[in-house]
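Topology and contacts: notes
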Amino acid sequence: MTRVTATPEWEAAFRGLPRAAFLPDLIWPFDADSGTAAAVNRRTDPDAWQAAARSDAPIVTQWDDGAHDGEAPGETPTSSASAPPLVAAMLADLDVCPGMRVLEIGTGTGWNAALLAHRLGDDNVVTVEVDPEVAADARRALAKAGRRPLVVTGDGALGVPDGAPYDRVIATCGMRRIPAEWLRQLRPGGVILAPWGTSYSSHDALVRLTVRPDGSASGPFRRLLEFMKLRAHRFVWPSYPDDLSVWDRTVSGAPPPHDPWLSFTFVAGLCLRDAAHAVQQHDDGHTLWLYSLGDDSWTAAVHRAGTGPGTVVRQAGPRRLWDELVAAYAWWTAHGEPTIDRFGLTVTPDGTTPWLDDPGRPVPAV
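So, here is what we can say about the structure in this document.

Turning our attention to the pattern of salt bridges. Counting across every chain of the model gives 19 salt bridges. Residues R140 and D137 are paired through a salt bridge, measuring 2.3 Å at the closest nitrogen-oxygen approach. Of this pair, R140 and D137 are both found in helix α5 (residues 132–144), 3 residues apart, which corresponds to roughly one turn of the helix. Residues participating in the shared-partner salt-bridge network are D65, D131, R231 and R234.

As structure tokens, then:
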């Protein structure tokens with residue numbers, strides 16, 4: 001059963017608008033233990049469907065941008081209903097009050113927009129969804145639930161200028177850039193709450209940015225999480241030629257830690273600009289792959305258990321990604337292994353700067 005810990009201001013909205021009212025008949029609840037999503041169909045197994053709808057699990061509602069058919073999972077989840085505790089936590093972080101106008105990026109099922117409209121009124125909520133079918137389904141679910149915020153079909157990166165100015169922008173999709181359009185559509189003192197990350201990893205950190213009078217925005221990260229990415233911000237793996245010269249060396253010890261839920265994995269993306277990583281598991285160890293997104297450089301760091309303390313590092317191209325990773329880890333440890341909530345972001349129309357503890361202490365590019 002769902003155990004939503006909503007703040008008192010949101011309790012009535014969660015009681016009156018259960019997630020189940022916004023879900024389609026065919027859903028794929030995500031099982032964190034197995035890392036899989038199996039179909040549950042309300043028409044053939046209503047009890048299992050109700051249990052899944054009321055659970056704390058995130059639920060996939062669309063695969064492969066709608067090109068998928070059947071009950072077997074597709075290749076890529078492309079729309080979902082977030083876990084209720086996460087929805088409640090993000091709404092608390094948004095910190096709205098009556099009279100505010102909110103722009104939501106990523107309508108999905110419509111549930112989050114309904115909760116906002118319950119609290120603020122339909123006329124004060126605008127939500128934008130890029131997928132026409134998902135938007136149409138959300139409109140129907142919202143109307144059935146008695147809520148009618150404005151649902152716009154379009155590119156969320158552009159915002160909805162006709163509804164501006166807003167007091168809050170909340171994104172329910174992962175961002176790799178904070179669009180300048182959002183800054184322009186917010187009032188000074190307005191807030192952007194968005195999952196943001198780098199190309200280094202598929203994981204995000206929730207950032208809360210406050211817009212300044214000069215049109216920039218700055219604020220801290222709250223916690224690590226992972227959202228489906230805005231379609232225009234999806235990562236595409238680079239390809240490299242086969243004839244690059246390769247340099248080998250053996251270094252002592254294992255590579256720096258790279259579990260996706262560790263702070264350092266996210267911080268590595270702040271330090272290694274225009275880079276990505278992947279981990280290949282072996283029966284006796286693993287290979288940490290690093291890729292430059294600006295040239296043909298790549299690194300493979302192979303560490304095998306039981307074969308000595310060394311890691312064999314192979315680097316190709318002009319960029320020494322292994323050395324950059326080691327330098328980033330040394331910087332992180334020298335600063336006391338700071339957790340994600342000590343970092344933040346400053347965004348201007350011209351660029352983005354991550355920082356540690358204070359906007360005046362930018363994270364160095366290694």
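Turning next to the sheet that holds strand β17 (residues 310–316). Pairing is antiparallel in the open sheet, where 5 strands are placed in the order β13-β17-β16-β15-β14. Each edge of the open sheet is held by one strand with a lone partner, namely β13 (246–252) and β14 (275–282). On average, adjacent strands in this sheet sit at an angle of 15° to one another, irrespective of strand direction. As defined by bridge partners, β14 adjoins strand β15 (residues 285–292) across 8 bridges and the pair is classed as antiparallel. Opposite H282, over in β15, you have G285 as the bridge partner. Lying on the sheet, helix α8 (residues 321–334) is in contact with β13, β14, β15, β16 (298–304) and β17; it crosses β15 at an angle near 105°.

Moving on to the sheet that holds strand β6 (residues 102–105). If you trace the 9 strands from one edge of the open sheet to the other, you get β8-β7-β6-β9-β10-β11-β12-β18-β19, paired in mixed fashion. The open sheet has two free edges, formed respectively by β8 (150–153) and β19 (351–356), since each of these has just one partner strand. Neighbour-to-neighbour, the strand axes of this sheet turn through a mean angle of 20°, independent of strand direction. Summarising the sheet, strand β11 (residues 204–211) and strand β12 (residues 217–225) pair through 5 bridges and their orientation is antiparallel. In the sheet register, A205 faces β12, and the bridge partner there is L224. In the packing of helix α3 (residues 84–94) onto the sheet, the strands contacted are β6, β9 (166–171), β10 (186–196), β11 and β12, and the crossing angle to β9 comes to about 155°.

Taken together, F235, W237 and L293 make up a surface patch of nonpolar side chains, about 270 Å² in accessible area. Position of L293 among the secondary structure elements: in the loop between β15 and β16. With a relative accessible area of 33%, L293 lands in the partly exposed category.

All right, on to the pairing of strand β18 (residues 343–348) then. With 5 of 6 residues buried, β18 is to be regarded as a mostly interior element. As paired elements, β12 and β18 share 4 bridges and run antiparallel to each other. Paired with P220 across the strands is G344, a residue of β18. Strand direction decides the pairing type here: β18 and β19, joined by 6 bridges, are antiparallel.

Ranked by internal contacts, the top residues of the largest apolar core, which has 52 residues, are I105, W182, I192, F221 and F343. In terms of nonpolar packing, the next biggest core, distinct from the first, is built from 30 residues, M100, L193, L206 and L225 among them.

Moving on: the packing of aromatic side chains. What characterises a pair of aromatic rings is the spacing of the ring centres plus the angle enclosed by the ring planes. The tally for this structure, following the rule as stated, stands at 13 aromatic pairs. Between W237 and Y291, the aromatic rings sit 5.3 Å apart at their centres with planes inclined by 70°, giving edge-to-face as the arrangement. With W237 in the loop between β12 and β13 and Y291 in strand β15, this residue pair connects regions lying 54 residues apart in the sequence. Classification of Y291 by relative accessible area gives buried; the value is 16%. Every member of this aromatic cluster is reached through a ring pair, and the members are F235, W237, W289, Y291 and W298. The positively charged end of R119 is found above the aromatic ring belonging to W10, 5.1 Å away from the centroid.

With that settled, the discussion passes to the layout of surface pockets. Quantified by volume, the second largest pocket comes out at close to 590 Å³. Lining the second largest pocket are 26 residues, and of these P24, D25, L26, T61 and D137 sit closest to its centre. Elements that contribute at least two residues to the lining of the second largest pocket include exactly β1 (26–31), β4 (59–63) and α5. Residue contributions to the lining of the second largest pocket peak at 7 residues, all from α5. When its residues are assigned to classes, the lining of the second largest pocket shows 11 nonpolar, 8 polar and 7 charged.

Scoring rules and cut-offs
Residues numbered from 1 in each chain as written. Predicted model: local features only at pLDDT ≥ 70, side-chain atom pairs only at ≥ 80, totals over all residues. Heavy atoms only, no water. Salt bridge = Lys/Arg side-chain N within 4 Å of Asp/Glu carboxyl O. Helix = DSSP H or I, 4+ residues; strand = E, 2+ residues; numbered from the N terminus. Pairing = 2+ DSSP bridges. Axes fitted to C-alpha atoms, helices over the stretch in contact; angles between N-to-C directions. Contact = heavy atoms within 4.5 Å. Patch = residues over 30% accessible without salt bridge, like charges linked within 9 Å, V, L, I, M, F, W, Y side chains within 5 Å. Areas by Shrake-Rupley, 256 points an atom, 1.4 Å probe, with all protein chains shown as cover. Buried < 20%, exposed > 50% of the residue type's maximum accessible area, 1.4 Å probe, protein only. Core = buried A, V, L, I, M, F, W, Y, C linked by side-chain atoms within 4.5 Å. Phe/Tyr/Trp six-rings, centres within 6.5 Å; stacked < 30°, edge-to-face > 60°. Lys NZ or Arg CZ within 6 Å of the ring centre and 35° of its normal. 1 Å grid on protein atoms, 1.4 Å probe; cavity = no way out; pocket = protein on both sides within 12 Å on 5 of 7 lines; lining within 4 Å. Points joined across faces, edges and corners; volume = space filled by probe spheres on them. Nonpolar A, V, L, I, M, F, W, Y, C, P; charged D, E, K, R; others polar.

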